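Chain residues, written in single-letter form:
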Amino acid sequence: MASAFTAAALLLLVVLLPPSAAQPGFISLDCGGARDHTDAIGIQWTSDATFVSGGQTAQLLVQNGLQSQQFATVRYFPADNRKYCYTMNVRNRTRYLVRATFLYGNFDNSNVYPKFDISLGASPWSTIVVDDATTPVVEEAIILAAAPTLSVCLSNASTGQPFISTLELRQFNGSLYYTTDETRFFLALSARINFGAESNDSVRYPDDPFDRIWESDSVRRANYLVDVAPGTERISTTKPIFVSINEEPPEKVMQTAVVGQDGSLNYRLDLEGFPANAWGVSYFAEIEDLAPNETRKFKLEVPGMPALSKPTVDVEENAQGKYRLYEPGYTNLSLPFVFSFGFRKTNDSSKGPILNALEIYKYVQITMGSQDASIMASMVSRYSEAGWAQEGGDPCLPASWSWVQCSSEDAPRVFSITLSGKNITGSIPVELTKLSGLVELRLDGNSFSGQIPDFSACRNLQYIHLENNQLTGELPPSLGDLPNLKELYVQNNKLSGQVPKSLFKRSIILNFSGNSDLHIVNKGISHTILIVCVVIGAIVLLSAAFGCYFFTCRRKKKPHEDTVVIAAPAKKLGSYFSEVATESAHRFSLSEIEVATDKFERSIGSGGFGIVYYGKLADGREIAVKLLTNDSYQGIREFLNEVTLLSRIHHRHLVTFLGYSQQDGKNILVYEFMHNGTLKEHLRGASEEKITSWLKRLEIAEDAAKEQV
């Protein structure tokens, strides 16, 4: 019975494992690849499509010696101010090797070598600088996972477009690469060298079960492994090497070495990203059969660092036998960019020094990220299928998500969320109520249901837009206690009950129309009516003022003078207007209006004398812009009346007149934009919610006649 249960459990485990189950703890992404495949060394590669949001795929136009299928394509991203992240599931508190490879291959047919940044979550990792279309750029890091997911993000392209060829994740066991500061720093690889290698081929999986790539020391490149001492020879063995301690380098690497037959080993290499603090170790194993009277003792020498030469290495003695690993090193060492080092035999040694392998890593500061990262991660996990929730990484660093704005402090906070029209269903995420730095929240145009949660912890909230959803229940009284609240839009929901009196104690712009069961108990005109009245009152006052103005002009002027004004050409009226309006109204430049309206992109209405467009000024104010389309006497007169009168008349039921523009033959009026719909909708009733009763119309008219401002 027990064996049957074990077999069933193993079968279930196999079913649940990812495609790379042949290599537990491995994730190997073929970026831009369309199909999963297994390469020549047995690593299973997976298409990256489900691990990243966005980007396009391309084939390489220039090939190199890498014939592997995973290097035939890339995924590339726009050169904008966003970041593009791969997100992979990991085990918390476990160390991983992360490897990203970038092979340009002129995929974009531009011959412009890209330069961009990559980061591990919120932490900057490296700047990718491509200088050869056929040479891959490889970056490796070792990091302790601090969350259930790990993100690798591309951003900040200064030339070309960010792209990636492969992305690999390899899980380590036990204490491999443990450092005392691993919660504050991760390790970025600078050098991993297999000395005495028998060919130019690197050693990796399956010889290394963790798939570290050990480069052959016989591969030469500029300023790397130069200054080799005379008498340096390669040796090797086929005997097994015990390596199951410390960092567990592969046996194949430890079966080769270099020895200094003349008593010394010298090397010089450039360390990218240095000077910096480093984690550096050497790997030794005695693979020569020394005679009983032969000894091998030597010391490390680094120019300018005499303290490093104090310890004496006796490989056989330190490793407690032949063909066993000995791994001395320094886990916190300051190294220069040009790193010269050597090993010198001691005076009592008969054999020269030996070196099997070497690793050097740079310590990279871990950026803790935004203060709201965990809250935002919890929120987006509710919408794993939605495109907007798959941007990955930290919500603020190194660049914020497209629908998020963050503060500029070192540990930023989320202060604005805009998720308008994203077809989101269900209740409003409770995580939003925990964002203490939130200033602006826009969730309008979705299908949110249920009650509005308590935002009392968001003391900085100024703008709340929840209109055009399916919210139910009452308006929380706590909304009125938010000390900085300026706008609350909840129209066109299914809210009920009474509007809290606290929302009327301050100058809060409140719109709750379209909620048939939501009402005000106290006397006076409701905020809903006031919003409608702004439109209706403007017409009433404008008509009355125009009548008085016209009547006064007729009494003060002679008949022939009145005729001259009416019959005057548009140019003269325009000249007269310019003199009057300049004194009493703000004048906008045409370029300012065109920027605000995106060159008159969005029409929101029309009348007998012009078309009205939506706009937004540089300071954030929303405006309604009337552009006169008729140069006749009627159009100019209307323009004259509205500017000369509305710039001097102020009333609480009048839409605010902000100014005008008269340039390049265009006559433009600028008003405050109102969200409540058109006058026609409220008089004729586009819907039951918007129609204005005759009693309310009379109340408005009476108020206007009494000039209650």
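Residues numbered from 1 in each chain as written. Predicted model: local features only at pLDDT ≥ 70, side-chain atom pairs only at ≥ 80, totals over all residues. Heavy atoms only, no water.

### Remarks on the overall build of the chain
As a reminder of what qualifies: Helix numbers and strand numbers start at the N terminus; a helix is a DSSP run of H or I with at least 4 residues, a strand a run of E with at least 2. The contact definition used throughout considers only heavy atoms, calling two residues in contact when any of these lie within 4.5 Å.
From N to C terminus, the chain includes eleven helices and 42 strands. Look at the contacts in the chain between residues 6 or more apart in sequence, and 65% of them connect residues 24 or more apart.

### Comments concerning the nonpolar core
The criterion, for reference: To qualify as a nonpolar core, a set must consist of buried Ala, Val, Leu, Ile, Met, Phe, Trp, Tyr and Cys residues joined through side-chain atoms within 4.5 Å. Here the term buried applies to any residue with accessible area under 20% of the maximum for its type, exposed to any over 50%, and partly exposed to those in between, with areas from a 1.4 Å probe on protein chains only.
Formed by 57 residues in total, the largest nonpolar core has its most connected members in Y283, F341, I354 and I360. Setting aside residues no more than four positions away along its own chain, I360 makes contact with A188, L189, S190, A191, L271, F274, A278, W279, G280, L335 and F339. In terms of nonpolar packing, the next biggest core, distinct from the first, is built from 47 residues, M379, L438, L461 and L488 among them.

### Quick look at the packing of aromatic side chains
We count it as follows: The aromatic pairing rule takes the rings of Phe, Tyr and Trp, using the six-membered ring of Trp, and pairs them if the centres are within 6.5 Å, calling planes under 30 degrees apart stacked, those over 60 edge-to-face and the rest tilted. Definition used: whenever NZ (Lys) or CZ (Arg) falls within 6 Å of the ring centre and also within 35 degrees of the ring normal, the charge is taken to sit over that ring.
Summed over the entire model, instances satisfying the criterion amount to 31 aromatic pairs. Three or more aromatic residues joined by ring pairs make a cluster, and in this case those are F195, Y267, F284, F298, Y326, F339, F341 and F343. Against the face of Y614 rests R602, its NZ or CZ located 4.4 Å from the ring centre.

### Some words on the environment of N460
This is how it is decided: Pairs of N or O atoms within 3.5 Å make up the polar contacts considered here, provided that, within protein, one atom can donate a hydrogen while the other can accept it, and that residues adjacent in sequence are counted only when both atoms are side-chain atoms.
In this structure, N460 sits in the loop between strand 31 (447-450) and strand 32 (463-465). The spatial distance from the C-alpha of N460 to the C-alpha of S436 is 7.1 Å, given a sequence separation of 24 residues. Residue contacts for N460: discarding those within four places in its chain leaves S436, G437, L438, V439 and N484. A distance of 3.1 Å separates a polar atom in the side chain of N460 from the backbone oxygen of S436.

### Examining helix 4 (residues 373-380)
Applied cut-off: The arc in question is traced by the directions running from the helix axis to the C-beta atoms.
Residues I375, M376, M379 and V380 constitute the buried set of helix 4. Taken around the axis of helix 4, the buried residues stretch over an arc of 125°, which confines them to a single face.

### Let's talk about the state of the cysteines
Our working definition: Cysteine sulfur atoms that pair up within 2.5 Å are treated as a disulfide.
Inspection of every chain in the model, using the stated rule, returns two disulfides. One disulfide bridge connects C85 with C153, the sulfur atoms lying 2.1 Å from each other. Disulfide C85-C153: the torsion about the S-S bond is 105°, which places it as right-handed. Placement of C85 in strand 6 (residues 83-89) and of C153 in strand 11 (residues 149-159) is noted, with a sequence separation of 68 residues between them. Numbered by order of appearance in the sequence, the disulfide-linked cysteines of the chain pair as 1-2, 3-4.

### Remarks on the pairing of strand 41 (residues 657-663)
Keep this limit in mind: The criterion for strand pairing is that DSSP finds at least two bridges linking the strands in question.
The buried fraction of strand 41 amounts to six of the seven residues, a majority that puts the element mostly inside the structure. Summarising the sheet, strand 41 and strand 42 (residues 666-672) pair through six bridges and their orientation is antiparallel. Bridging across to strand 42, Q662 finds its partner in N667. Adjacent in sequence and paired antiparallel, strand 41 and strand 42 are bridged by two residues, among which D664 carries a positive phi angle near 55°.

### Concerning the environment of Y113
Here Y113 is to be found in the loop between strand 7 (95-102) and strand 8 (115-120). Looking at Y113, the relative accessible area reads 38%, which means it is partly exposed. Linking Y113 and G160, residues 47 residues apart in sequence, is a C-alpha distance of 6.2 Å. When sequence neighbours within four positions are dropped, the list of residues in contact with Y113 reads Y104, V130, D131, D132, A133 and T159.

### Digging into the UniProt feature "binding site: ATP" (unreviewed entry) in the chain
Inclusion rule: UniProt positions are given in the numbering used here, feature names are shortened, and annotations may be inferred rather than shown by experiment.
According to UniProt, the "binding site: ATP" (unreviewed entry) feature falls on K626. Overall, the relative accessible area of 18% leaves K626 in the buried class.

### Description of the pattern of salt bridges
Quick note on the threshold: What makes a salt bridge here is a side-chain nitrogen of Lys or Arg within 4 Å of a carboxyl oxygen of Asp or Glu, nothing more.
Going through the model one piece at a time under the given rule, you end up with 28 salt bridges. The closest approach of N and O atoms between E168 and R99, which form a salt bridge, is 3.1 Å. One end of the pair, E168, is in strand 13 (residues 166-171); the other, R99, is in strand 7, with 69 residues separating them in the sequence. This pair shows no difference in class: E168 is buried, exactly as R99 is. For D211, the salt bridge is made with R170, and the minimal N-O distance between the two is 2.9 Å. Of this pair, D211 sits in the loop between strand 14 (185-194) and strand 15 (215-216) while R170 sits in strand 13; the two residues are 41 residues apart in sequence, bridging distant segments of the chain. Judged on exposure class, the residue D211 and its partner R170 are both buried.

### Quick word on unusual backbone geometry
It is generally the case that most residues other than glycine have a negative phi and that most peptide bonds are trans. Residue P206 is reached from Y205 by a cis peptide bond, and omega for that bond is 5°. Mapped onto the elements of the fold, P206 is located in the loop between strand 14 and strand 15. With omega at -5°, the peptide bond leading from L397 into P398 counts as cis. Among the secondary structure elements, P398 is positioned in the loop between helix 4 and strand 27 (404-406). Although it is not a glycine, N423 sits at a positive phi angle of roughly 60°.

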